[in-house]
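Topology and contacts: notes
This is what each chain is made of:
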Amino acid sequence: MEFALKEFFGYSTFRPYQKEIIETILEGKDSLVVMATGSGKSLCYQVPPLIVKKTAVVISPLLSLMQDQVMALRQQGIKAEHLSSAQTDSSVQRRAESGQFDILYMTPEKACVISNSFWSNLLDRGICLLAVDEAHCISEWGHDFRVEYKQLCKLRSTLPNVPFVGLTATATEKVRKDIMNSLKMRDPCVTIGSFDRKNLFYGVKSFNRGALFVDELVGEVSKCVATAGSTIIYCTTIKDVQQIFESLLKAGIKAGMYNGQMGNKAREEAHRSFIRDEFDVMVATIAFGMGIDKPNIRYVIHYGCPKSLESYYQESGRCGRDGIASMCWLYYTRGDFGKADFYCGEASSESQRTAIMESFMAAQRYCMLTTCRRKFLLDYFGEKNTPDKCGLDFTLHLFLFEIFNLIESFISEMSRGKTRSQGKKENGTCDNCTISRKESDMSREAFLLISSIRSCGGNWGLNVPIDVLRGSRAKKIINAQFDKLPLHGLGKELSANWWKALAYQLISHESAMCAGYLTETIRDTFKIVSVSPKGLQFLSSSKPDDQPMLVLPV
Ligand code: ADP
Ligand code: ZN
């Protein structure tokens, strides 16, 4: 194994888990590999064929990605080829079935329609493994479900004795189970690496849509481009892509654009130019997805709340593949949260609808979080024993500080970080763990808001209970006799937006995975906010002017 690693890839040691995974494959066992982007998953299926001299079949979702990989492998002296429905040269298929390739990439469609005689011929020559890359695409619970992937279960009966390997960078427990069942894996060996991307900084800011903000964003990006390197800006609409792209060009920044409305050719060209560093910033919709194997992306910005936490993790994870400190900033507006219907429109079943809704709500909670963002992400993917706060690392701070001249508080954090983490391994951090927030006692306001939500029956969104606090005499309020409630008008000195911000904090209080004071649920695409058991306990132990302290960031 070490010989093949050195001979073909030029590396002298295996990365964590690689050796064990390769050994499992060589023993003929099925395996599921869930490891972060950049951790070296591909090597796990690329080494076995070189040792046992049998073909490795790799299912991969994207033609351009397969072509890139085939090219790279050939340069390393490995016999690689790809087969897709677009491939017209029939000699490739003939050579493939006679076992002439070490690694044979196939699209899922092709793998399902290709003749049985192809498989039996290749089996005669020897297949050492069947790898399914981006295996989360097989699950309706994943964020990137693809119908073609679902068909892959057929291959189990065609290749009963070939070890199956599913590989993905993002899979919650539900998705992992789904992958194993869908591929009919037999007692698979499951390897889950850490989801912690230690060199990444995570931060979130809310913003107001408009030209002013776009200028601000362009300013920030230009600083990054000048000092650090490539940037991706993910937008939620094509209109936003165009607006930001044009503003960047106007500011003299070399930028490219990528969205689903562009033709295949234009998209491929944009992708390649970005990889080759012909421009610094790629402004894209999430259509700019898999196969962005560029090591030096320093900055990933999300302009608008992403549609799921899985896709956020994967998209933001495209930066810092080379292990150098890099940043992931997410900008959102509350208006983004109203897009649930739009995303649910993609669902083909009720269970998929629920899945889409749930992971969109997780993304929203991530936006409003006041606690450690890294912990939230790691908890979401089921990582155990994650620390409550993430690391303070001097080099990372210095790096961030140099680029962005972040606020003054960084200076004091930096000096603290220096004494604390000297000689320690580099740890990434997040805005909530670095930027100290002003906190104040919000017990009275929280009491009023939670009471109002309960008094209104817990069957509304946030608007009605907040209108009641603000003393509204709207028809809806009068008809429901909410104007007679003792707390009607008690919160009129504060704006509706202020109350909403407080409500979001009460929903996401603590690690946000466990219940806050309020619970948000979905009923027929409407969000209903009700009081959680923890909220009820808070009410029962307090009166408006005599309650336990509830200190929240402001
Ligand atoms: P993933 O598929 O998990 O996102 P890749 O397989 O693309 O990751 O690997 C990321 C990078 O790490 C690649 O450039 C790869 O060549 C490199 N790499 C993989 N294994 C090793 C190793 N054992 N030693 C050094 N570099 C490695
Ligand atoms: Zn943190």
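As the structure is a computational prediction, the values presented were derived from the model and not from experiment. (Residues numbered from 1 in each chain as written. Chains lettered and ligands numbered in written order. Predicted model: local features only at pLDDT ≥ 70, side-chain atom pairs only at ≥ 80, totals over all residues.)

1. Let's talk about the overall build of the protein
What counts here: To qualify as a helix, a DSSP run of H or I must reach at least 4 residues; to qualify as a strand, a run of E must reach at least 2; elements of each kind are numbered from the N terminus. As a rule, residues whose C-beta atom has 12 or fewer other C-beta atoms within 10 Å are exposed, those with 20 or more are buried, and those in between are partly exposed; C-beta atoms are placed from the backbone.
Looking only at helices and strands, the protein features 26 helices and 17 strands. Across the 554 residues of the protein, 43% fall into the buried class.

2. Concerning the site of ligand 1
For the record, the criterion: Here, nearness means that the C-beta atom of a residue, built from backbone geometry, sits within 6 Å of the molecule or strand in question. Think of it as three bins: nonpolar holds Ala, Val, Leu, Ile, Met, Phe, Trp, Tyr, Cys and Pro, charged holds Asp, Glu, Lys and Arg, and polar takes everything else, Gly as well.
Neighbouring ligand 1 are 13 residues; Tyr 11, Arg 15, Gly 40, Lys 41 and Ser 42 lie closest to it. Per-element tally for the shell around ligand 1: the top contributor is helix α3 (residues 41-46), with three residues. Among the residues making up the shell around ligand 1, the classes are represented as four nonpolar, six polar and three charged.

3. A look at the nonpolar core
Within soluble globular proteins, side chains that are nonpolar tend to cluster in buried spots. Which entries qualify depends on this criterion: Definition of nonpolar core: a set of buried Ala, Val, Leu, Ile, Met, Phe, Trp, Tyr and Cys residues joined via C-beta atoms within 7 Å. Any pair of residues counts as being in contact when their C-beta atoms, constructed from backbone geometry, are within 7 Å of one another.
In terms of nonpolar packing, the biggest core is built from 116 residues, with Val 58, Leu 104, Leu 129, Ala 131, Ile 233, Val 281 and Val 283 touching the most fellow members. Look past the residues within four positions of Val 283 in its chain and what remains in contact with it is Ile 233, Cys 235, Val 241, Ile 244, Phe 245, Leu 248, Ala 255 and Met 257. Grouped together as the second largest cluster of nonpolar side chains are 25 residues, Ile 453, Val 468, Tyr 504 and Ile 507 included.

4. With respect to the pairing of strand β3 (residues 80-83)
Inclusion rule: Only strands joined by at least two bridges in the DSSP assignment are considered to pair. A clockwise course of the path from the first strand over the helix to the second, judged with the strands pointing away from the viewer, identifies a crossover as right-handed.
Residues Ala 80 and His 82 line one face of β3 and the alternating positions Glu 81 and Leu 83 line the opposite face, and both faces are buried. With four bridges joining them, β3 and strand β4 (residues 103-106) adopt parallel strand pairing. Each bridged residue has a counterpart across the sheet, and for Glu 81 the counterpart in β4 is Leu 104. A crossover links β3 with its parallel partner β4, the connecting element being helix α6 (residues 90-97), and its sense is right-handed.

5. Looking at the environment of Thr 285
Summarising the element assignment, Thr 285 is placed in the loop between β11 (281-284) and β12 (297-303). Given 19 C-beta atoms within a 10 Å radius, Thr 285 is considered partly exposed. With 25 residues separating them along the chain, Thr 285 and Gly 260 place their C-alpha atoms 7.5 Å apart. In this structure Thr 285 touches Cys 235, Ile 238, Val 241, Asn 259 and Gly 260, once residues within four positions along its chain are discounted.

6. Observations concerning the sheet that holds strand β8 (residues 200-206)
How we decide: Throughout, an axis means a line fitted to C-alpha atoms (over the contacting stretch in the case of helices), and angles, computed between N-to-C directions, take values from 0 to 180 degrees.
Overall, parallel pairing links the six strands, which are arranged β8-β13-β12-β9-β11-β10 in an open sheet. Strands with a single pairing partner mark the edges of an open sheet, and in this sheet they are β8 and β10 (255-258). Sheet twist, expressed as the average angle between the axes of neighbouring strands with direction ignored, equals 15°. As paired strands, β12 and strand β13 (residues 326-332) are joined by five bridges and run parallel to one another.

7. Some points on the sheet that holds strand β5 (residues 127-132)
The parallel open sheet is built from seven strands, whose spatial order is β3-β4-β2-β5-β6-β1-β7. Where the open sheet ends on each side, the last strands, each with one partner, are β3 and β7 (189-192). Taken pair by pair, the neighbouring strands of this sheet meet at an average axis angle of 20°, ignoring direction. Direction of pairing for strand β2 (residues 55-59) relative to β5: parallel, over a ladder of five bridges. Bridge assignment links Ile 59 to a residue of β5, and that residue is Val 132. Across the sheet, helix α2 (residues 18-26) touches β1 (31-34), β5, β6 (164-168) and β7, and the angle it forms with β1 is around 160°.

8. Focus on the confidence of the model for the protein
Basically, it comes down to this: Each residue carries a pLDDT score, the predictor's own confidence in it, on a scale running from 0 to 100.
Mean pLDDT over the protein works out to 84, with 88% of the residues at or above the 70 mark. Scored below 50 in pLDDT, residues 393-426 makes 47 contacts in the model with residues more than four places away or belonging to other chains. For this predicted complex, the interface score ipTM comes out at 0.97, while the overall pTM is 0.71.

9. A closer look at the packing of helix α15 (residues 309-316) against helix α17 (residues 350-368)
When two helices pack together, you describe them by how their axes are tilted relative to each other and by the distance separating the axes. Note the threshold: Angles below 35 degrees are treated as roughly parallel, those above 145 as roughly antiparallel, those between 65 and 115 as roughly perpendicular, and all remaining angles as oblique.
Interaxial distance between α15 and α17 falls to 7 Å at its minimum, and their mutual angle equals 60°. Relative to α17, the element α15 is oriented oblique. Packed against α15, whose contacting residues are Leu 309, Glu 310 and Tyr 312, the element α17 presents Ser 359, Ala 362, Ala 363 and Tyr 366 at the interface. Here the contact of α15 with α17 is built from residues that sort into five nonpolar, one polar and one charged.

10. Points about the environment of Tyr 313
Mapped onto the fold, Tyr 313 is located in helix α15. Taking C-alpha positions, Tyr 313 is 36 Å from Leu 494, a pair spaced 181 residues apart along the chain. Discounting residues that sit within four places of it in the chain, Tyr 313 has contacts with Thr 170 and Leu 377.

11. As for unusual backbone geometry
The backbone phi angle of Lys 53 is positive, close to 55°, even though this residue is not glycine. In this fold, Lys 53 is placed in the loop between α4 (48-52) and β2. The exposed category is assigned to Lys 53, around which 12 C-beta atoms lie within 10 Å. Positive phi, normally seen in glycine, also occurs at Gln 481, with a value near 60°. By the secondary structure assignment, Gln 481 is in the loop between α24 (475-479) and α25 (496-507).

12. Brief notes about helix α12 (residues 211-227)
Quick note on the threshold: Any helix carries an expected span of 1.5 Å times its number of residues minus one. Arc, as used here, means the arc of the directions from the helix axis to the C-beta atoms.
With 17 residues, α12 ought to run about 24 Å at 1.5 Å a step, and its terminal C-alpha atoms sit 25 Å apart, in line with that. Residues of α12 that are buried: Val 218, Val 221, Cys 224 and Val 225. Seen from one end, α12 has its buried residues packed into an arc of 125°, which puts them on one side. What points out from α12, more than 90 degrees from its buried face, is the exposed set Leu 212, Gly 219, Ala 226 and Thr 227. Positive backbone phi, approximately 155°, marks Gly 229, located one or two places after α12.

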